[in-house]
Amino acid sequence: MNNNYIYYPGCSLKGNSKQYEESILPVFKEVGLPLDELEDWNCCGATAYFSVDETLATAICGRNLSLAEKKASDIVAPCAGCYLTLKKANKVLKAETEKAKKINHALEQAGCAYHGGVEVKHPLEVLVKDIGLDRVREKVRNKLTGLKVACYYGCQLVRPFTDFDDPDYPTTLDSLMEAIGAEPVPYSAKTRCCGGSLTGTIEEVGKRLNFILLKEARRRGADAIVTICPLCQFNLEILQDKIVKAYGEDVMMPVLYFSQLMGLAFGLPKEDLGFSRSIIDLKPFWQKISMGGAR
Amino acid sequence: MDIQRKVKYEEELDKTFLEEIKEMSGAEDLDRCIQCGTCSSSCPMSVYMDYPPRKIIGLVKNGFKDEALRSFTIWLCSSCYTCQVRCPAKIEITEVMYALKRKAIEEKVYPQGLAIPVLDKEMSQLIRNYGRNSELWLILRLYLKSRNPMGLLRMTPLGLKLLKTGRMSFKREAIKDRKQLKALLKAIKEAA
């Protein structure tokens, strides 16, 4: 446990999810916890590297943990994939096993020794558990009144490590959305998988899984789906036109990051929160926002 | 018509397979599976699988190495961990799937023409070389390696949208200290 946090972007927040970085950093600044980026971080390896070579995958995560340890900081990883991967590697490296000894020794030889002094957290966890919803409420200038949101947690944030929320029916994101004045709808698909990287390799899978998620959000009357993970956001957003064509149902819907909505509620200029990167038309969303009184 | 036996005799099974996968996955309780099927009914991907997760665990437990390693199932596991957190015997099923993927790659018995193992291998390679993933480069390498130019063509409209919204670039990402990464990978290899 450290008293500082350092930001681990991973490939998504520098790539297809720039709007996540553009909103999470100013939001953390607003609540009094500005985040520096972990210098020279390397990719976490995600599910891919663990499918090929577990030892190497753990070792490269160890390098990131070592870099954070040198800064006496805990890692904040906004991507659920990075969050889980780094957490998994952290657990392996902290255990007293032959495997851990071998990898830790290699890390030491390469000049990035790791001594087990870092925790890996997700920004949702930090906001709700460490900073607290009272602090968040204090910062709200424009309540998102009347905006109905389906809070989508996906899988890897709440499973298999269930440190801060329930693996099947988590509620932290719902309470955070309530704190900024939005109205979370009951969303039974909130931890159902979006297909992860399979959406990129087998389109049929991507379409079906995301159709289920979009349809349920529609059925519950949501104006938008709120996500905490870049891969979920991407999968839910990019296939919408194909899904409508394949299943003949209009399930189009904005898919936004919780941090974008927080920034909006905090009164930050909406131009700076990455909304223009949405592939889905946001006009109905902005109408709803202006009806609720927010800028 | 060529009639072939569809059931394996006991001597044809791999008796060391269970222990090997237990070791590789860390799922020590693997043989405590009672075949209740909670995993299969929880799995969002089971409708696409040749063997649902319950059967895969059964195959591993009883030494059906070939069937497990050549299955599509292991590649269709999206690592959502639903089966794992719900398993009443607390078996780390997702980790078992990972172990089977690694074993299938090691023995080169993964289904040909399936893009998933190709993606996993290409992404690992990018990270080994540069320390970072570059999304566009990864996609290009994926379609090149899986010889699927039509797939790439179908991706073009999306690619253009992503370029337009600044969510994709042609830049190849890399860390500064690639020397350290190289030293780390070397040290791991030497320790093996």
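Residues numbered from 1 in each chain as written. Chains lettered and ligands numbered in written order. Predicted model: local features only at pLDDT ≥ 70, side-chain atom pairs only at ≥ 80, totals over all residues.

Asker: Could you clarify how one ought to interpret the environment of Lys 99 of chain A in this entry?
Answerer: Residues and elements named next belong to chain A. Within the secondary structure, Lys 99 is located in helix H6 (residues 98–109). Under the C-beta neighbour-count criterion, Lys 99 is labelled partly exposed, with 14 such atoms within 10 Å. Along the chain, Lys 99 and Ala 224 lie 125 residues apart, while their C-alpha atoms are 45 Å from each other. (Helix = DSSP H or I, 4+ residues; strand = E, 2+ residues; numbered from the N terminus. Buried ≥ 20, exposed ≤ 12 C-beta atoms within 10 Å, placed from the backbone.)

Asker: Help me understand the confidence of the model for chain B in this model?
Answerer: Caution applies to low-pLDDT parts of the model: their predicted coordinates are not meant to be read in detail. Residue-level pLDDT values for chain B average 94, and 100% of them are 70 or greater. Both scores are given for the predicted complex: the pTM is 0.95, the ipTM 0.94. (pLDDT = per-residue confidence, 0-100.)

Asker: Would you take a moment to explain the sheet that holds strand E8 (residues 255–257) of chain A for this structure?
Answerer: Sheets are built from strands that pair by backbone hydrogen bonding, the pairs being arranged parallel or antiparallel. Residues and elements named next belong to chain A. On the basis of which strands lie adjacent, the open sheet formed by 4 strands has the order E6-E5-E7-E8 and parallel pairing. Single-partner strands in this sheet number two, and they are strand E6 (183–184) and E8. Pairing geometry for strand E5 (residues 148–152) and strand E7 (residues 224–227), over 4 bridges, is parallel. Within the sheet, the bridge partner assigned to Cys 151 lies in E7 and is Val 226. (Pairing = 2+ DSSP bridges.)

Asker: In this structure, what is going on with the nonpolar core? I would like to understand it.
Answerer: Most often, soluble globular proteins have nonpolar side chains that are buried together. Leu 86, Ile 225, Val 226 and Leu 261 of chain A together with Val 96 of chain B are the most contacted members of the largest nonpolar core, which totals 149 residues. Beyond its immediate stretch of four places on either side in the chain, Val 96 of chain B contacts Ile 21, Ser 25, Ala 27, Leu 30, Ile 57 and Val 60 of chain B. (Core = buried A, V, L, I, M, F, W, Y, C linked by C-beta atoms within 7 Å. Contact = placed C-beta atoms within 7 Å.)

Asker: Help me out: how do you make sense of the interface of chain A and chain B in this one?
Answerer: Counting residues at the interface gives 47 residues for chain A and 45 residues for chain B. Elements with a minimum of two residues in the side of chain A that touches chain B: helix H3 (46–52), helix H4 (54–70), H6, helix H10 (198–201) and helix H11 (203–219) of chain A. Residue composition of the side of chain A that touches chain B, by class: 23 nonpolar, 15 polar and 9 charged. (Nonpolar A, V, L, I, M, F, W, Y, C, P; charged D, E, K, R; others polar.)

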